[in-house]
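Inside the fold
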Amino acid sequence: MPKLPVGPVGPTSRLSGTFNGAAGSTVNVPGGSELGRGPTPLAPLARLALGLLTALGWLGAFGVAPAWGDIRLAKLFGDSMVLQREAEANLHGVADPDEALVLSITGKDLEPRELKTVCNALGEFSLKFAPPPVGGPYELTLTGAKSKVVIRDVMVGDVWLCAGQSNMAWSISKAAVEEAAATANERRGLRFITVPNTASPQPLKEIAGGATWARSSAESAAEFSAVAWHFGAHLEQDLQVPIGLIHTSWGGTRAEAWVSPTALAAEPRLAPLLTNAELVGEAAKPQDRLSSLYNGMIAPVQSFPIKGVIWYQGEANVGRGDQYRTLLPTLIADWRQQWKTPHLPFLIVQLAPFRYKNQPPHALAEVWDAQRETYRRVPYTGLVVTTDLGNFEDVHPLQKQAVGQRLAHWALAEVYRGQALLPIDRQPAATAEAPTEAPALATATAAAQAAANPIDATSGSAAGPAAHPAAKLYSGPLFQAATLEGGRIAIDFLAADGLRSADDQPLREFLVAGADQVFHPAEAEILDGRVWVSSAAVAQPVAVRFCWNDTPKPNLVNAAGLPASPFRSDDFPLSSSGKDY
């Protein structure tokens, strides 16, 4: 995978944007106060009024208005934090209107640096700077006319956003006993912060409630996300660089709550959500309303540079799988836009099996297919399969360590080492004019073989599977193409090295259908690196599906023992079509 682009790095401070005042009001800030240039002069009464608005606005953000002369930083900036390497940091907060501030950065073997800025007429400041070299610890001191703030034990490395619903929120203390034991030793290079659950009708400028960074230890990790911790610990151990985790998730929440109002309004296929927003909002909890979690839990952190996102969500959208095929790519594009990082890595956890009692048995499979299709179409994404980790009677399977490690393996392979199962420039997410469709059944193998070749991230040339032997070890088999040959369907997979049955029993969970679109259980066998399926009930099959129910017991794995992803080869209408809110 190509190195992620970063913006210009330098000491210039720019002040612009909007300030959220009292009672949800918004005050426009005159743009463009730069280093060495003061704010536009204001009449004394106007300056006093704006100062009062500043105090009221930060009262809403912090729960207490800053005393004049105090410097208040946004809550993401604090002791033990991690700054994203090779990306421009954005230290921001409030002090006195027009106050001059000096930032000094010190640390072992680091030549001291000083940067200056001036607060605008509202007392807001935003000081952008290149972070020190990878490692630390460093100390940041921000000094004003009457006070100063010192941030200690600052590290520089990679920061990941960890988001979703309850399976991402599931803490170490609730996970399997052996997983909790893994956190016992302090990891100096692993730091994390949890954004408090906050639903808001308007985008917030600051994290609501208390939130502080912590070094990883048995005590601090106990109530932190288990999936996120194991992901971060594996990265930190392998890369030997500091890893910061920003955890922002809320159990039982829907994807549409995590998407910005602008992104929802711009996607025509999501119009039913907007049309029925008032109806849904009246009956819904605050966290279920459109954009409420984007406003309360994403907007406040989007000015903090990150390396990538891990996403574990979808349970609350089961029953609307067809719509999720649009929602998930929209969310990804939205967050990439908000972070101004078009190639922001986004790793998706495909949900674990569970019997959703208020839904038909195939409702979960339609969400699985939406997650797989998002990976297939949206560049710089990953897909972690968990069909072997589920509990049919508990939507919260306890094996979070495996999920976190599989996410880390994918990140290490594709984000850090340039491997790729699919071409980097794969087909983008479908537009309204070109709706997403599942691949049609082929009648020859040539197209399937060509499509299975990944792009070599180093040379940019096409390379066969042998060119990337390690690329097959971080993913389970992923459906690539289906070919009709002599009354049977041959299935080609990515990451197919060493295809086998995990329990040495016949392969399970395959279905085939003819032109009548009625699916029947199929016999399946592995031959020459492909899976061949057929059914005595279907003389001329035209489609194949795998794990098309919410409690499957599949046994198809590769040499690494990783399970194959659920899939379908057809574009038949889905049962969730038209279920839009």
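All of these numbers come straight from a predicted model, not from anything done at the bench. (Residues numbered from 1 in each chain as written. Predicted model: local features only at pLDDT ≥ 70, side-chain atom pairs only at ≥ 80, totals over all residues. Heavy atoms only, no water.)

Some details on the overall build of the protein chain
Across its full length, the protein chain carries 13 helices and 26 strands. Across the 581 residues in the protein chain, those meeting the buried criterion constitute 55%. For the protein chain, the computed accessible surface area is about 22,900 Å², with 54% contributed by carbon and sulfur atoms. (Helix = DSSP H or I, 4+ residues; strand = E, 2+ residues; numbered from the N terminus. Buried < 20%, exposed > 50% of the residue type's maximum accessible area, 1.4 Å probe, protein only. Areas by Shrake-Rupley, 256 points an atom, 1.4 Å probe, with all protein chains shown as cover.)

Quick look at the packing of helix α10 (residues 321-338) against helix α11 (residues 363-377)
Running from N to C, α10 and α11 cross one another at 35°; their axes reach a closest spacing of 8 Å. Where α10 crosses over α11, the handedness of that crossing is right-handed. In contact with Gly321, Tyr324, Arg325, Leu328, Pro329 and Ile332 of α10, α11 contributes Glu366, Val367, Asp369, Ala370, Gln371, Glu373 and Thr374. By residue class, the composition of the contact of α10 with α11 is six nonpolar, three polar and four charged. (Axes fitted to C-alpha atoms, helices over the stretch in contact; angles between N-to-C directions. Left-handed = near helix turned anticlockwise from the far one by under 90°. Contact = heavy atoms within 4.5 Å. Nonpolar A, V, L, I, M, F, W, Y, C, P; charged D, E, K, R; others polar.)

Focus: the sheet that holds strand β8 (residues 124-129)
Strand pairing within a sheet occurs via backbone hydrogen bonds; the two strands may be parallel or antiparallel. Pairing within the open sheet is antiparallel, and its three strands lie in the order β3-β5-β8. Looking at the sheet topology across the chains shown, the edges are occupied by β3 (72-73) and β8. Pairing between β3 and strand β5 (residues 89-94): two bridges, direction antiparallel. Along β5, the bridge assignment pairs Leu73 with Gly93. (Pairing = 2+ DSSP bridges.)

So, the packing of helix α5 (residues 226-239) against helix α12 (residues 400-416)
Relative orientation of the contacting elements α5 and α12 amounts to 45°, with a least axis distance of 7 Å. In this view, α5 runs oblique relative to α12, as classed from their interaxial angle. You can see that α5 and α12 cross each other, and the crossing is right-handed. Counting all contacts with α5, which are made through Ala226, Val227, His230, Phe231, His234, Leu235, Asp238 and Leu239, the residues of α12 involved are Lys400, Gln401, Val403, Gly404, Gln405, Leu407, Ala408, His409, Ala411, Leu412 and Tyr416. Residues belonging to the contact of α5 with α12 are distributed by class as follows: 11 nonpolar, six polar and two charged. (Parallel < 35°, antiparallel > 145°, perpendicular 65-115°, else oblique.)

Topic: the pairing of strand β15 (residues 346-349)
Along β15, one buried face is formed by Phe346 and Ile348 and the opposite face, lined by Leu347 and Val349, is buried too. Pairing analysis gives three bridges linking strand β14 (residues 308-312) to β15, with the strands arranged parallel. Directly across from Ile310, in β15, lies its bridge partner Leu347. For the crossover from β14 across α10 to β15, the handedness is right-handed. Taken together, the four bridges between β15 and strand β16 (residues 381-384) define a ladder with parallel strand orientation. (Right-handed = clockwise from strand over helix to strand, strands pointing away.)

Section: α10
Residues separated by three or four positions in an α-helix point in the same direction, a consequence of the helix having 3.6 residues per turn. Helix length check: α10 (18 residues) gives 25 Å between terminal C-alpha atoms against 26 Å at 1.5 Å per residue, within 8%. With 15 of 18 residues buried, α10 lies mostly within the body of the structure. At the exit of α10 stands Lys340, carrying a positive phi of roughly 55°. (Expected span 1.5 Å × (residues − 1).)

Topic: the confidence of the model for the protein chain
Taken over all residues, the pLDDT of the protein chain has a mean of 83, while the share at 70 or more is 78%. Contacts for the low-pLDDT stretch residues 428-440, under 50 throughout, to residues beyond four places or in other chains number 32 contacts. Low confidence marks residues 442-472, where pLDDT is under 50. Its contacts with residues over four positions away, or in another chain, come to 49 contacts. (pLDDT = per-residue confidence, 0-100.)

Section: the pattern of salt bridges
Evaluation of the coordinates by the stated rule reveals 26 salt bridges. The salt bridge partner of Asp153 is Arg191, with a shortest N-O separation of 3.2 Å. Linking Asp153 in strand β10 (residues 148-164) with Arg191 in strand β11 (residues 187-194), this pair joins segments that are 38 residues apart in sequence. On the accessibility criterion, Arg191 (0% relative accessible area) is buried. A salt bridge links Arg568 to Asp369, with the shortest nitrogen-to-oxygen separation between them at 3.0 Å. Residue Arg568 is located in strand β26 (residues 567-568), and its partner Asp369 is located in helix α11; the two are separated by 199 residues in the primary sequence. Given a relative accessible area of 2%, Arg568 falls into the buried group. Taking relative accessible area as the criterion, Asp369 reaches 2% and is therefore assigned buried. (Salt bridge = Lys/Arg side-chain N within 4 Å of Asp/Glu carboxyl O.)

So, the nonpolar core
The biggest cluster of nonpolar side chains holds 142 residues, and the ones touching the most others in it are Trp335 and Phe510. Apart from the residues within four sequence positions on either side, Phe510 is in contact with Ile491, His520, Pro521, Ala522, Ala524, Val531, Val533, Val544, Arg545, Phe546, Leu556 and Phe567. (Core = buried A, V, L, I, M, F, W, Y, C linked by side-chain atoms within 4.5 Å.)

A closer look at the side chain of Thr341
Relative to the elements of secondary structure, Thr341 occurs in the loop between α10 and β15. A distance of 3.0 Å separates a polar side-chain atom of Thr341 from the backbone oxygen of Trp339. (Polar contact = N/O pair within 3.5 Å; in protein donor to acceptor, adjacent residues only side chain to side chain.)

Here we look at the sheet that holds strand β20 (residues 510-513)
The four strands are arranged β21-β20-β24-β26 in an open sheet whose pairing can be described as antiparallel. With one partner strand each, in any of the chains shown, β21 (519-521) and β26 form the two edges of the open sheet. Both strand β24 (residues 543-546) and β26 contribute to a ladder of two bridges, which runs antiparallel. Paired with Arg545 across the strands is Arg568, a residue of β26.

Some thoughts on the pairing of β5
Note on strand geometry: in a regular strand, side chains alternate between the two faces of the sheet. In terms of residue burial, β5 counts as a mostly covered element, since six of its six residues are buried. What you see with β5 is no split at all: Ala89, Leu91 and Gly93 on one side and Asn90, His92 and Val94 on the other are buried throughout. One ladder, built from six bridges, connects β5 with β8; its direction is antiparallel. Looking at the pairing, Asn90 lines up with Lys128 of β8.

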